Amino acid sequence: MHITLSAQPVMPSRVEDLQSLQERVEELRSQLNHHNYRYYVLDSPEIADAEYDRLMQQLREIETDHAELQSPDSPTQRVGAGPAAQFAVVQHRVPMLSLANAFSADTLRAWHERITRLLGGDIKDFAIEPKIDGLAIMLRYERGRFGVGATRGDGSQGEDITANLRTVRSVPLTLNDSPPAYLEVRGEVYLSQAAFKKINDERAAAGQPLFANPRNCAAGSVRQLDSRITAKRPLDVFIYALGEAQGWQPRTQWEILEAFGEWGFKTNPNNRRVGSIDEVMAACAEWEHRRESLDYEIDGVVVKVNDLHVQSELGAVGREPRWAIAFKFPPVQATTLLERIAVNVGRTGSLNPFAVLRPVQVGGVTISQATLHNEDDIRRKDIRVGDTVLVHRAGEVIPQVIGPILSKRPPDTRPYELPTTCPVCGSPVVRPEGEAMSRCTGGFARCIAQRFELLKHFVGRGSMDIETVGEKLAWSLIEKGLVYDPSDLYPLTKEQLIALERMGDKSAQNVLDNIEASKHRSLTRVLYALGIRYVGYQTAELLARAFGSMDQLRQATYEQIVAVEGIGPKIAESVHAWFREPDNLRVVDKLVAAGVNMSEESATRGGPLAGLTVVVTGRLEHQTRTQIEQRIKDLGGIVGDSVSKKTSYLIAGEDAGSKLAKAQKLGTPILDEAGFEALLEEKSHA
Ligand code: IVH
C-alpha cells in the first residue's frame, strides 16, 4: 500500500519504517479479528484474555503514535467514538420486511395449507429459527469490509447506527473467504438475560429507571448517540437473512445461513432444517418448552420456506412475505396494579414480602401474586403500593415483579417500608448485619408462623412425606395448639383429629396411618425434616452417612462435623449450634420416644467402606466410572468429586490428570482397579 505523508520532505528510511509498521498493523488487526471471531462468534477462544489485551495494546500504541495508520475498521475502534448530534438516514435498497404472526398451531397449519394451495403442491422443506426478541438491523459490506449498519426503521429507511454496531463484538469488521463484493445482511441485535439483569441491577443501584426487558435494553443501547455508551453494553447479534449479494445466487435459506457462518457472521446454532409441516409444528411446540433454557429471550419461532425459488413464487403481501411466518408464544410479561404488599414469615423467621396483584394473564395463566425478593430489592426498584407494575412469568418459575411503570404512578404513593414488627406475632423485627432478610425475633416460642412453616417443611415431600397433613390441617393443628413442634404429631389421637373441623373417622385414621408410616423414614430425611439452617437434602445425606445415627451427630464436635467431605464451616457451625439448643434437643428426644428411626437403616452404613471418602479419576479398564462409584456408595463409602485432605483413597485409571497430581502432592493413597479390589477384600474381612 502507498502512503502519502505530510508536507515535510520524507527521508527514505522513514518511508521504510512506515511500510513495515503498516505491515505490523495489518498483521495485528488480522490476528485480533481472528481471536475476536473465535471468542465472540464461535465461543471458543484460542488465546488467553491477557494475550488478546497485549496485542490490542500494541496496536493501540502504534495507531496513537501514527494517526495516518488509523482506520475506522480497526479492532481498536470497537470502544466507540464521541457523541453524534443525530443519526443520519439510511435508505434500504431492498425493503426490510416484517413477518405475519401465528398465535396458535391452527393458524400455523392454515398458513401451510394456504401456501400449498397457492403453489399447487406440498412444501416439504423449511428452515426453523428461534425468533430472537431484539432489534432488527442491517449490515452492509463492501469488498468484505463493514461499511454501514442501520436499524430497520419503517422498512424503507432506517437510522445509521454504524458507529454503534462497530462496537458489537460479534459484528465482523472484515469478512473471511471471498464474500460478494457488495453484501447486505439482516439480523437481530440482542442482549443476553445475564447482561440485561446486570445492567438493570446497576441502574437500580444508581437510582436510574429500569429497562422493562432485554429488547428495550438492547434497543436503548444500540440507539445511543454516544457510541462509547453502546460499547459498554455487551450486545450480541444473530444474522438470519440476506438483503442483497452482488454476483451470488444462493438456492436456499439454509445455504445462505451456511455462507454467513463461513464469512464470519454469527448465526444461531439452534437453527434447524425440517421436512414437513408436522415437524415444523413439533419444533415450535418443543421451543415453547425449551425457551427458558436459552440465555436470550425468544418470543417465538420463525418458519421459512427453504427454497428461494419457491419463496419468490409465493411473494409478499404488502410488507409481509407469504413464504415465512412467526409462530408466537404467549407473552411472558404483562402490566397490572400492585394492590398490596403482603409479608410471609418463613420457617427461620425471615420476612418475605410479596406482591398482591390485580389478577392478570401472563404466559397463558392468571396470576394474582408475585415475589418481591426482599426489602432492598423493593427499594432499589422503588416499587410502591398503587403502582402499575410490570410482571414476568416464564415456564415453571415463580412470577416476579420487574418494576414500576413510573409514568402511571398516582401522585399519592409512598416508598415501601417493611413492617418493624412481625405481622404474625408482633415481635420486633431485626435485620442482622450483612444479611438481605429481616427476621422476626419472636422465635419459635412466640411466632406461630415459624411453627407452621416448620411443620409444613417436616411433613413435606423430601422430608417425612406425611401427605395427609396438608396446609389446612397443619394450620389447624398449630392454631388449636395440638402441635407445637413437629414431634407433637406422633402422640396425636383419633379423637383429637376428629374434633377438628371437617375431619371424619376415616380421614383421621388415614392421617394417623400416614404419621405412623413416617417413623420408618431414613435418617437423611429426618435430618432434613428438622429444618436446620443450611441443611438441604444433600447435606443431610452426607451427615447421615458420615455419622450413622442421630446420637453420633448430636455428640459430634465442630471439628468432626467440618471434617466430613462436602461440609463447609458455615454448615458445620449451624449444625453444631443446633444440637446445643435445649429446645431442639427436646424435639429430638420426643421423636426418639415416639419411635422415629434415628439411624441410617440402609445396609450400607457399617459397610466395608464406611467412613471413607473415595475419589475416582481417569479411564478404568473393567468397569465404568458410574459403576465403580455406585459400588463405593453401596459399600458405605462416600464418593468425592475432588481430591482434598479429606480424601481417603484415589482410584486412578488411565490418563488420570490433575486429580492424580494433587493426590501425589497430598500423599493420598492411590489405587488402581486391582488395588481397589484388594482393599475391599481386606476391609470385608476386617
Ligand atoms: S426474518 C422476511 N428471522 O422478527 C424476513 N426475523 O416480526 C423478515 N426476527 O423484524 C425477518 N428472529 O426483527 C427473521 N430468525 C429470524 C428472526 C427474525 C427475530 C425478528 C425481526 C423481524 C421480526 C418480524
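Preceding block: the structure.
Within each chain, residues carry numbers counting from 1 in the order of the written sequence. Totals for whole chains, interfaces and linings use every residue, but because this is a predicted model, local features are given only for residues with pLDDT of at least 70 and side-chain atom pairs only at 80 or more, for both listing and counting. The side-chain numbers reported here are obtained from all heavy atoms of the structure, hydrogens and water having been left aside.

A word on the overall build of the protein chain
Along the backbone of the protein chain there are 25 helices and 24 strands. Expressed as lengths along the three principal axes of its C-alpha atoms, the size of the protein chain is roughly 100 × 65 × 60 Å. Think of it in three bands: residues with accessible area under 20% of the maximum for their type are buried, residues over 50% are exposed, and the middle band is partly exposed, with areas taken using a 1.4 Å probe on protein chains only. Here the protein chain holds 686 residues, and the buried ones make up 47% of them. Sequence-distant contacts in the protein chain: of pairs separated by 6 or more residues, those separated by 24 or more amount to 67%. All accessible areas in this document rest on Shrake-Rupley with a 1.4 Å probe, and a residue is counted as covered only by the protein chains that are shown. Carbon and sulfur atoms make up 50% of the accessible area of the protein chain, which amounts to about 34200 Å² in all. Positive residues here are Lys and Arg, negative ones are Asp and Glu, while His and the chain termini are left out of the count. The location of each charge is read from NZ of Lys, CZ of Arg, CG of Asp or CD of Glu. Across the protein chain, the centroid of the 81 positively charged side chains sits 5 Å from that of the 91 negatively charged ones. Numbering of helices and strands runs from the N terminus; a helix is a DSSP stretch of H or I covering at least four residues, while a strand is a stretch of E covering at least two. By definition, residues are in contact when any of their heavy atoms lie within 4.5 Å.

Let's talk about the site of the ligand
Note on definitions. A residue lies near a molecule or strand when any single heavy atom of the residue is within 4 Å of it. In the vicinity of the ligand lie 13 residues, with E129, K131, E188, Y240 and K304 positioned nearest. Here a polar contact is recorded for every N or O atom pair within 3.5 Å, except that within protein the pair must consist of a potential hydrogen donor and a potential acceptor, and residues adjacent in sequence are included only if both atoms are side-chain atoms. Taking E129, its side chain carries an N or O atom lying 2.7 Å from a nitrogen atom of the ligand. With respect to the ligand, the side chain of K131 contributes an N or O atom lying 3.2 Å from an oxygen atom. For the shell around the ligand, the secondary structure elements donating two or more residues are β3 (126–132) and β10 (298–305). Top contributing element to the shell around the ligand by residue count: β3, with 4 residues. By the convention adopted, Pro, Cys, Tyr, Trp, Phe, Met, Ile, Leu, Val and Ala count as nonpolar, Lys, Arg, Asp and Glu as charged, and the other residues, Gly among them, as polar. When the residues that make up the shell around the ligand are grouped by side-chain class, the tally is 9 nonpolar, no polar and 4 charged.

Quick word on the packing of helix α23 (residues 625–634) against helix α25 (residues 673–685)
Running from amino to carboxyl end, α23 crosses α25 at an angle of 15°, the nearest separation of the two axes being 13 Å. As judged from the angle between their axes, α23 and α25 are roughly parallel. Pair α23 / α25 crosses with left-handed handedness. Residues I628, R631 and I632 of α23 touch α25, and the partners they reach there are F676, E677 and L680. To get an axis, fit a line to the C-alpha atoms, keeping to the stretch in contact for a helix; angles then go from 0 to 180 degrees between the N-to-C directions. When describing relative orientation, an angle under 35 degrees is termed roughly parallel and one over 145 degrees roughly antiparallel, while 65 to 115 degrees is termed roughly perpendicular and anything else oblique. In this scheme, a crossing is called left-handed if the near helix is turned counterclockwise away from the far one by less than a right angle; it is called right-handed if the turn is clockwise.

Some points on the pattern of salt bridges
Once their charged atoms are close, side chains differing in charge can pair, the charge on each being opposite to the other. For this analysis, a salt bridge means a side-chain nitrogen from Lys or Arg found within 4 Å of a carboxyl oxygen belonging to Asp or Glu. Scanning all chains against the criterion turns up 40 salt bridges. Note that R625 is salt-bridged to E629, the shortest N-O span being 3.8 Å. Placement of both R625 and E629 in helix α23 is noted, with a separation of 4 residues, approximately one turn of the helix. For R625, a relative accessible area of 35% puts it in the partly exposed group. Of the residues examined, E629 reaches a relative accessible area of 24% and is grouped as partly exposed. Overlapping salt bridges bring together K197, D201, D377, R380 and K381 as one network.

Describing the packing of helix α3 (residues 105–119) against helix α9 (residues 277–290)
Axis separation between α3 and α9 bottoms out at 11 Å; the angle between their running directions is 150°. Between α3 and α9, the angle is such that the two are roughly antiparallel. Helix-helix and strand crossings are classified by hand; for α3 and α9 the assignment is right-handed. Touching A105, L108, R109 and H112 of α3 are I277, D278, V280, M281 and C284, all from α9. Looking at the contact of α3 with α9, its residues break down into 6 nonpolar, 1 polar and 2 charged.

A short note on the nonpolar core
By nonpolar core we mean a set of buried residues, namely Ala, Val, Leu, Ile, Met, Phe, Trp, Tyr and Cys, connected to one another through side-chain atoms within 4.5 Å. In this structure, L489 and F579 are the most contacted members of the largest nonpolar core, which totals 51 residues. Residues within four places of L489 in sequence aside, it is in contact with L455, F458, V459, I466, L477, V483 and I515. F146, F196, A219 and W248 belong to the second largest nonpolar core, which has 35 residues in total.

Observations regarding the sheet that holds strand β22 (residues 638–640)
With parallel pairing, the 4 strands of this open sheet are ordered in space as β22-β21-β23-β24. Taken across any chain shown, the strands that pair with only one partner, and hence form the sheet edges, are β22 and β24 (670–671). For two strands to pair, DSSP has to find at least two bridges joining them. As paired elements, strand β23 (residues 649–652) and β24 share 2 bridges and run parallel to each other. Residue L650 lies in a different strand from β24, and its bridge partner there is I670. Lying over the sheet, helix α24 (residues 658–666) contacts β21 (613–617), β23 and β24, oriented at roughly 145° with respect to β23.

Structural notes on empty space enclosed by the protein
Take a probe with the size of a water molecule and roll it over the atoms, and the empty space left behind shows itself. Grid spacing is 1 Å over the protein atoms alone, the probe is 1.4 Å, and a cavity is where that probe fits but cannot get out, while a pocket is an open set with protein on both sides within 12 Å along at least five of seven lines and lining residues have an atom within 4 Å of a point. Grid points are joined across faces, edges and corners, and a volume is the space filled by probe spheres set on the points. All told, the structure shown has 2 cavities of 30 Å³ or more when counted by the stated rule. Reported here for the largest cavity is a volume of approximately 50 Å³. Along the walls of the largest cavity sit E129, P130, I132, F238, I239, Y240, N268 and N271, which together make up its complete lining. Considering only residue class, the lining of the largest cavity consists of 5 nonpolar, 2 polar and 1 charged.

Observations concerning the pairing of strand β18 (residues 400–404)
Across the 5 residues that make up β18, a large majority, 4, are buried. By the bridge criterion, 4 bridges tie strand β17 (residues 388–392) to β18 in an arrangement that is antiparallel. Its bridge partner lying in β18, L390 is registered against G403.

Description of the sheet that holds strand β2 (residues 101–102)
Where strands meet in a sheet, backbone hydrogen bonds hold them as pairs that are either parallel or antiparallel. With respect to topology, 5 strands assemble into an open sheet ordered β2-β13-β10-β3-β9, the strand pairing being mixed. One side of each edge strand has no neighbouring strand; the edge strands of this open sheet are β2 and β9 (272–274). Across 3 bridges, β3 lies against β9 in antiparallel orientation. Paired with A127 across the two strands is R273, which belongs to β9. Contacting β2, β3, β10 and β13 (324–328), α3 runs over the sheet at an angle of about 170° to β13. The strands that helix α8 (residues 253–263) touches are β3, β9 and β10; relative to β3, the one it contacts most, it runs at about 55°.

Looking at the packing of aromatic side chains
Two rings from Phe, Tyr or Trp (for Trp, the six-membered ring) form a pair when their centres are within 6.5 Å of each other. A pair whose planes differ by under 30 degrees is stacked, one over 60 is edge-to-face, and the rest are tilted. One pass over the structure, following the stated rule, counts 15 aromatic pairs. With centroids separated by 5.3 Å and ring planes inclined at 55°, the aromatic side chains of Y190 and Y296 adopt a geometry described as tilted. Of this pair, Y190 sits in strand β7 (residues 182–190) while Y296 sits in the loop between α9 and β10; the two residues are 106 residues apart in sequence, bridging distant segments of the chain. An identical accessibility class is assigned to Y190 and Y296; each is buried. On the basis of an interplanar angle of 70° and a centroid distance of 5.7 Å, the ring pair of Y528 and Y537 is categorised as edge-to-face.

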